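An overview of the molecular structure
This is what each chain is made of:
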Amino acid sequence: MSELHVRSARRLSEASGILALAVLLDSAVEHYRGSFKNPAMLLPLAVSALTIGVNLHGRSDLRDTAHRVRRGVGLAALLTGAGGTAFHLYNVLKRPGRLDWQNLFYGAPLGAPAAIGLAGILAMAAESLRAGSSPLRADRVGNYPAGRLLAAVSGLGLIGTAAEAALLHFRGAFHNPVMIAPVTLPPAAGVLLLHTAATRHRAHGRATRWLLRATGVMGLMGSAFHAWGVQRNMGGWRNWRQNVLNGPPLPAPPSFTGLALAGLVALSLLGKRSDG
């Protein structure tokens, strides 16, 4: 087992942990606002907390063998994301008007549960990289090895997360020009990452790396802008009990950071001959 794959696995644990942390905090706020009227609304909190725990363990693990518990929690996170997406879609479709703008704006967010699913995929990918017979490195899907599959997951994840941000920022009428950044930079990084994985062009790889780094920083800065958005509401942070619930979601932007980190891992794997 090469040092590269152990290092990549640990970095994937970081990326998965950041995504899981964003899900834990965001779903806690949103489901609290929904009064946890459905007991299933507690599930993503529990699963995301477990995912954070196993990723902290994975980040510190220097061994070159997969861990069954970490892999199992990753699978549970993936299934939770799939089930949550189905529940959220049902929530929107049962409303009068079904898939109209009003329901998309104010119903259960369709893209939100996918984040815990992506965290689960990255957690399982980390364990597969540690294993000697990694399914990510096997010629299973169009002869695509680890780097290309991770690039596909990260690139499509960035594009999908940007689409969710675009919907909510459109609801906010893009009243701040900075709101354009999360709907332009991440999808550009995602598209270029997918293109780089397909072509293996070195110049594209350098541009992709810088775009992914910028996306990662933007994700962290996004929480600061959202905190400022909470402050702009009546009462500001003195009225935090109401404004945190009704203001822009504080934990959501770092999802971009987690996916950008996973994309950087994909680029590292793509740069090695063993991943060709």
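Residues numbered from 1 in each chain as written. Predicted model: local features only at pLDDT ≥ 70, side-chain atom pairs only at ≥ 80, totals over all residues. Heavy atoms only, no water.

1. Points about the packing of helix 6 (residues 146–171) against helix 7 (residues 185–199)
For the record, the criterion: Geometry is summarised by axes, namely lines fitted to C-alpha atoms with helices restricted to the contacting stretch, and by angles between N-to-C directions that run from 0 to 180 degrees. Put simply, DSSP H or I for four residues or longer makes a helix, DSSP E for two residues or longer makes a strand, and each gets a number counted from the N terminus. Orientation is classified from the angle alone, with under 35 degrees giving roughly parallel, over 145 giving roughly antiparallel, 65 to 115 giving roughly perpendicular, and any other angle giving oblique. Two helices crossing with the near one rotated counterclockwise from the far one by less than a right angle form a left-handed crossing, whereas a clockwise rotation gives a right-handed crossing. Contacts: residue pairs with any heavy atoms within 4.5 Å of one another.
One way to put it is that helix 6 packs onto helix 7 with a least axis distance of 8 Å and a crossing angle of 160 degrees. As summarised for this structure, helix 6 and helix 7 are arranged roughly antiparallel, according to the angle between their axes. Note that helix 6 runs across helix 7; the crossing there is left-handed. Residues Arg148, Ala151, Ala152, Ser154, Gly155, Leu156, Leu158, Ile159 and Ala162 of helix 6 form the contact with helix 7, whose participating residues are Pro186, Pro187, Ala189, Gly190, Val191, Leu193, Leu194, Ala197 and Ala198.

2. Notes on the pattern of salt bridges
Test applied: Salt bridge, as used here: a side-chain nitrogen of Lys or Arg that lies within 4 Å of a carboxyl oxygen of Asp or Glu. Summary of the burial criterion: residues with accessible area below 20% of their type's maximum are buried, those above 50% are exposed, and those between are partly exposed, where the area comes from a 1.4 Å probe applied to protein chains only.
Counted by the stated rule, this structure contains five salt bridges. Notably, a salt bridge pairs Glu127 with Arg70, separated by 2.7 Å at the nearest N-O pair. Here the residue Glu127 occupies a position in helix 5 (residues 114–130), and Arg70 occupies one in helix 3 (residues 68–93), the gap between them amounting to 57 residues. The residues Glu127 and Arg70 share a single accessibility class, namely buried. Put simply, Asp61, Arg63, Arg70 and Glu127 are held in one network by salt bridges that share partners.

3. Describing the packing of aromatic side chains
Basically, it comes down to this: Any pair of Phe, Tyr and Trp rings, taking the six-membered ring for Trp, is counted once the centres come within 6.5 Å. Such a pair is stacked with planes under 30 degrees apart, edge-to-face with planes over 60 apart, and tilted for the rest. The criterion for a charge sitting over a ring is simple: Lys NZ or Arg CZ within 6 Å of the ring centre, and within 35 degrees of the ring normal.
Scanning the entire structure with this criterion turns up four aromatic pairs. Consider the rings of Trp101 and Phe170, whose centres lie 5.8 Å apart with planes at 50 degrees: the pair is tilted. In this pair, Trp101 sits in helix 4 (residues 101–106) while Phe170 sits in helix 6, placing the two residues 69 residues apart along the sequence. Owing to a relative accessible area of 47%, Phe170 belongs among the partly exposed residues under this scheme. Here a set of aromatic residues connected by ring pairs shows up, and it is made of Trp101, Phe105, Tyr106 and Phe170. Here the guanidinium or amino end of Arg213 rests over the ring plane of Trp210, the centre of that ring lying 5.0 Å away. The residue whose ring lies beneath Arg232 is Trp228, and the NZ or CZ to ring-centre distance is 5.4 Å.

4. Digging into unusual backbone geometry
Residue Phe36 is not a glycine yet carries a positive backbone phi of 45 degrees. Residue placement: Phe36 occurs in the loop between helix 1 (3–33) and helix 2 (43–60). Positive phi, normally seen in glycine, also occurs at Phe174, with a value near 45 degrees. Tracing the backbone shows Phe174 in the loop between helix 6 and helix 7.

5. Focus: helix 2
Applicable threshold: Here the expected span of a helix is defined as 1.5 Å times the quantity of residues minus one.
In this model, helix 2 (18 residues) spans 26 Å end to end at C-alpha, consistent with the 26 Å of a helix rising 1.5 Å per residue. For helix 2, the complete set of buried residues consists of Pro44, Leu45, Val47, Ser48, Thr51, Ile52, Val54, Asn55 and Gly58.

6. Section: the nonpolar core
We apply this condition: Throughout this description, the term nonpolar core refers to a set of buried Ala, Val, Leu, Ile, Met, Phe, Trp, Tyr and Cys residues connected via side-chain atoms within 4.5 Å.
Within the largest apolar cluster, 40 residues are counted, with the highest numbers of intra-cluster contacts made by Leu12, Leu122, Leu129, Leu150, Leu212 and Leu269. Element by element, the count of residues in this core is highest for helix 10 (residues 254–270), at ten residues.

7. Digging into the environment of Ser255
Positionally, Ser255 belongs in helix 10. Along the backbone, Ser255 and Ala22 are 233 residues apart, and their C-alpha atoms lie at a distance of 6.2 Å. For Ser255, the residues in contact, after removing those within four places along its chain, are Leu19, Ala22 and Thr161.

8. A look at a nonpolar patch on the surface
The criterion, for reference: Distance thresholds for patches are 9 Å for like charges and 5 Å for nonpolar side chains (Val, Leu, Ile, Met, Phe, Trp, Tyr), applied to residues having over 30% relative accessible area and no salt bridge. Areas reported here follow the Shrake-Rupley algorithm with a probe of radius 1.4 Å; residue values treat only the protein chains shown as occluding.
Taken together, the side chains of Val178, Val217, Met221, Phe225 and Trp228 present a nonpolar region at the surface, about 470 Å² in accessible area. One can find Phe225 in helix 8 (residues 202–232). Since its relative accessible area comes to 35%, Phe225 is described here as partly exposed.

9. What about helix 10?
Between the first and last C-alpha of helix 10 there are 24 Å, a value that for 17 residues agrees with the 24 Å anticipated at 1.5 Å per step. Counting buried positions along helix 10 gives 15 out of 17 residues, so the element sits mostly inside the fold.

10. Quick word on the confidence of the model for the protein
Cut-off, in case you're wondering: What pLDDT conveys is the predictor's confidence in a given residue, as a value from 0 to 100.
Looking at the protein, pLDDT values average 87 and 91% of them are 70 or higher. Within the protein, no element has a lower average pLDDT than helix 9 (residues 240–246), which sits at 84, and none a higher one than helix 2, at 95. Taken as a whole, residues 133–143 scores under 50 in pLDDT and shows 15 contacts with residues more than four places along the chain or in a different chain.

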